[in-house]
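One letter stands for each residue in the lines below.
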Amino acid sequence: MRQLGGIALWIFGTALLAWGLLFLAPYGSLLLWSVCQQSVLALSYSFLGGMGGEVHLGHGVFFGLGAYASAIFFQAGCPCWGCVLAAGTSGVMLSMGLARFLVRLRGMEFAVCSLCLALPASILGKNLEGLTGGVAGISLPTTPMEIPYVCSVLLLAGTVRIHSRLIASSWGRALRAVGMDPLAASHLGVNAQSLRSQALVAGSGLASLAGGIYPLQSCYLSPDSAFGMEVLLGPVVAVLLGGSKSTWGPLLGAAGMVLVQEIILTRFQGGTLLALGLFMMASGLIVSGELKVWSSLKRFVPFNHSRADAS
Amino acid sequence: MMLVYLQLLLQGLATGALYGVVALGMQLILGSTGKVHLGVGQIAVLSALTSVSLAGWHGLALPWAALGGGFLAGFFSYLLHPPGLWRLLSSEQGERVFLLLTLGGSLCLEAVAQWIWPLPVTALSGRTRMFQVAGIPLFSNTKALAFLLCLALALALLGLLGFTRKGKALRAWNMGCEELRLVGVDPQSLGRWVSSVGLGIVGLGGVLLGATQVVSPQDALGYTMRALCLAVLGGGLRPLRTMGFGWAMGVGEAAVSHWLGAQWHPVLAPGLLLVVLCSRRKLLG
């Protein structure tokens, strides 16, 4: 019965989002689309960044890679679904290649290495002019506005479903055990490296799919929009602020962050970086347990945050 | 042709010495506390931008500007790293907390810097005296002075770490905070001291950067990655080794710029760091 209720809520939420995206005024639907994209990024980040207990500062690289793959294929005349598929494939392939080296690292070394991925990615985007258009970027022909919106809603719905199934599964529990204490997890027979590789590949694939939708909506792609600080750090902040113990945490974190960024953008030019910095510092205080405002607010939210913990 | 290579070598050494100084500040914090300070590049860039603006107004001499910049950076770092912060860092999540706090602080500083200095700045002027051989400019007097100051600083730091009580306490931090307390050293006040001295050195390096290079607020992350790469390669608290790697990186970047183009040299530091961290175990923390 509870599962049926969950599915009904899921269908209702998807229908509501689809209606909002298609029939709201352009600004409202754009805002809702941004929330969808950020939510997918945050949920995909929370596989390794949340459940796996790592600070993955290079997650946005896969979004950027997907965006470029999609834009290049779209320029070559590929249909929209093919572009999104190519984006997802490119992200999965790169993450499979990197997983071998990255998942061996933990803690600060993992965080620094993932940040090291982000910097060259942006430089490659700027310097490979023949492929990426350089600093000027890639301009694309317009597509019907419904296509990216519907793709985003479907991707978000799929990501929410995958995340909520995985978080309470034995896979999710094992991943969190690895995140908390890898030695204890390995004594229980959990293969930490394989699990972390799977989390990296799954999260990167979803982020690349979200990136693949981006140029179809914006019709333009530049290194700053693909690998900018907002893309790189947005999901990290959303998951740290919202929490990773339930599917709602990253969703609420992403929605809150997009709304605050939007309010700041309309009032102060260049305030996004400042807001990201302040959010990041607040996340640090939350991680340390010094800032307990959010956890007391969570008591008033009617979702069961501790379900995954209890299981 | 040989003169061109000599020019590359000298320019690379001069630039590498500046990277080395910024890395010395990072190494002092990383090598003693084991924490990665991601605000190092931003402090260097802010010091450079501030000193260039002050030099433009008051015509300050380079050694005095460098000392003043270092002192100011150290003073502000002392205020921004209270003992309470080091108490937080002794928890289990200390590494992550420090990483997030310093990255967040760095982004806030970058936002402010972009607002004050929207365009790149430099104190380089056409009046600097150049040493030339066969009509090819090899070295400017400002870069020569900066190079000597960097070398002097590395030697001074070596002395500080080897012969002072604070230096010995810093080297002993690896044993753990409890052990430090047992030998009568308060880790919180030592943490505050090391962050302010480390960032003071970074500020000094930043002033020298501003005097010899074009700097913009967007360069901060690149300087942080270079400093981190050099501090990791240097390993522990070894100023001369770090400075040596700094020179090597400067020469490497000059070579990359010469053969591949100036737009490719920022890839070198993060690429090298990635390779080093993935190939060797437990270099950080």
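Starting afresh in each chain, residues are numbered from 1 along the sequence in its written order. The lettering of chains begins at A and the numbering of ligands begins at 1, in the order of writing. Two thresholds apply to this predicted model, a pLDDT of at least 70 for residue-level local features and 80 or more for giving and counting side-chain atom pairs, whereas whole-chain, interface and lining totals are computed over all residues.

Q: Explanation requested: the overall build of chain A in the structure shown.
A: For helices the rule is a DSSP run of H or I covering at least 4 residues; for strands it is a run of E covering at least 2, with both sets numbered from the N terminus onward. The helix and strand inventory of chain A stands at 16 helices and two strands. Field definition: a residue is buried when 20 or more other C-beta atoms are found within 10 Å of its C-beta, exposed when 12 or fewer are, and partly exposed for counts in between, with C-beta atoms placed from the backbone. Burial analysis of chain A (311 residues in total) assigns 51% to the buried set. We call two residues in contact when the distance between their C-beta atoms, placed using the backbone, is within 7 Å. Pairs at least 24 residues apart make up 78% of the contacts formed inside chain A by residues separated by at least 6 positions.

Q: Looking at this model, I keep getting lost on the overall build of chain B. Mind explaining?
A: Along chain B, the regular secondary structure elements total twelve helices and two strands. In chain B, the order of α-helices and β-strands from amino to carboxyl end is α-α-α-α-α-β-β-α-α-α-α-α-α-α. Only C-alpha atoms enter the radius of gyration, while the globule expectation follows 2.2 Å times N to the 0.38, with N the number of residues. Taken over C-alpha atoms, the radius of gyration comes to 19 Å for chain B, in line with the 19 Å a tight globule of 285 residues would show. Oriented by its inertia axes, the alpha-carbon framework of chain B measures out at about 65 × 45 × 35 Å. Considering chain B as a whole, with its 285 residues, one finds that 51% of them fall into the buried category.

Q: Would you mind going over the environment of Gly 206 of chain B with me for this structure?
A: Residue and element names in this part refer to chain B. With respect to the helices, strands and loops of the structure, Gly 206 is situated in helix α9 (residues 187-212). In sequence terms Gly 206 and Ser 47 are 159 residues apart; their C-alpha atoms lie 5.1 Å from each other. Beyond its immediate sequence surroundings of up to four residues, Gly 206 is in contact with Ile 43, Ala 44, Val 45, Leu 46, Ser 47, Ala 48 and Gly 69.

Q: Would you mind showing me how to read helix α1 (residues 2-33) of chain B here?
A: Given 3.6 residues per helical turn, the α-helix brings residues three or four places apart onto the same face. Residues and elements named next belong to chain B. Spanning 32 residues, α1 covers 45 Å between terminal C-alpha atoms, matching the ideal 46 Å at 1.5 Å per step. Met 26 marks the point of greatest bend in α1, at about 30°. The buried fraction of α1 is high, at 24 of 32 residues. In the stretch just after α1, Gly 34 is the one whose phi turns positive, near 80°. In this analysis, the expected span of each helix is defined as 1.5 Å times one less than the number of residues it contains. The reported bend at a residue is simply the angle between two axes, fitted to the 7 residues ending at it and to the 7 residues beginning with it.

Q: How do you make sense of the interface of chain A and chain B when you look at a structure like this?
A: Listed by partner, the interface residues are 29 residues for chain A and 35 residues for chain B. Those elements that place two or more of their residues in the side of chain A that touches chain B are α5 (107-127) and α14 (271-288) of chain A. Any residue that is not Ala, Val, Leu, Ile, Met, Phe, Trp, Tyr, Cys, Pro, Asp, Glu, Lys or Arg is counted as polar, Gly included; the first ten are nonpolar and the last four charged. Across the side of chain A that touches chain B, the residue classes break down as 19 nonpolar, seven polar and three charged.

Q: Help me understand unusual backbone geometry in this model?
A: Comment: phi is negative for the bulk of residues other than glycine, and the bulk of peptide bonds are trans. Its identity as a non-glycine residue notwithstanding, Cys 219 of chain A has a phi of 60°, on the positive side. Inspection of the secondary structure assignment puts Cys 219 of chain A in the loop between α10 (192-218) and β2 (220-221).

Q: Any chance you could explain the nonpolar core here in plain terms?
A: Note that soluble globular proteins tend to have their nonpolar side chains buried in a common cluster. All names here are of chain B. Counting 181 residues, the largest nonpolar core has Val 22 and Leu 208 as its most contacted members. Looking at this core element by element, the count peaks at 14 residues for α1. Contact partners of Leu 208, with chain neighbours within four places excluded, come to Leu 18, Val 21, Ala 66, Ala 146, Leu 149 and Cys 150. To form a nonpolar core, buried Ala, Val, Leu, Ile, Met, Phe, Trp, Tyr and Cys residues must be joined through C-beta atoms within 7 Å.

Q: Help me understand the packing of α1 of chain B against helix α11 (residues 239-260) of chain B in this model?
A: Describing two packed helices takes the angle between their axes plus the distance from one axis to the other. Residue and element names in this part refer to chain B. Working convention: axes come from line fits to C-alpha atoms, limited for helices to the stretch in contact. Angles between N-to-C directions cover 0 to 180 degrees. Two elements in contact, α1 and α11, have axes separated by 6 Å at closest approach and are oriented at 135°. Here α11 runs oblique to α1, going by the angle between their axes. When you trace α1 past α11, the crossing you get is right-handed. Every angle not falling under 35 degrees, over 145, or within 65 to 115 is termed oblique; those three ranges are roughly parallel, roughly antiparallel and roughly perpendicular. Handedness of each helix crossing follows the sense of rotation of the near helix against the far helix: counterclockwise by less than a right angle gives left-handed, clockwise gives right-handed.

Q: What is the right way to look at helix α6 (residues 141-163) of chain B in this model?
A: All names here are of chain B. With 23 residues, α6 extends 33 Å between its outermost C-alpha atoms, agreeing within 8% with the 33 Å of an ideal straight helix rising 1.5 Å per residue. Among the residues making up α6, those that are buried are Thr 142, Lys 143, Ala 146, Phe 147, Leu 149, Cys 150, Leu 153, Ala 154, Leu 157 and Leu 161. On its buried face, α6 is in contact with α1, α3 (62-80), β2 (136-140), α7 (165-172), α9 and α11.

Q: Can you walk me through the packing of α14 of chain A against helix α5 (residues 94-116) of chain B in this structure?
A: As a packed pair, α14 of chain A and α5 of chain B sit with axes 7 Å apart at the nearest point and diverge in direction by 160°. Judged on the interaxial angle alone, α5 of chain B and α14 of chain A are roughly antiparallel. Like other packed secondary-structure pairs, α14 of chain A and α5 of chain B cross with a definite hand, here left-handed. From α14 of chain A, Leu 273, Leu 274, Leu 276, Gly 277, Leu 278, Met 280, Met 281, Ser 283, Gly 284, Val 287 and Ser 288 of chain A reach across to α5 of chain B, where they touch Arg 96, Val 97, Leu 100, Leu 101, Leu 103, Gly 104, Gly 105, Leu 107, Cys 108, Glu 110 and Ala 111 of chain B. Here the contact of α14 of chain A with α5 of chain B is built from residues that sort into 14 nonpolar, six polar and two charged.

These figures come from the coordinates and say nothing about function on their own.
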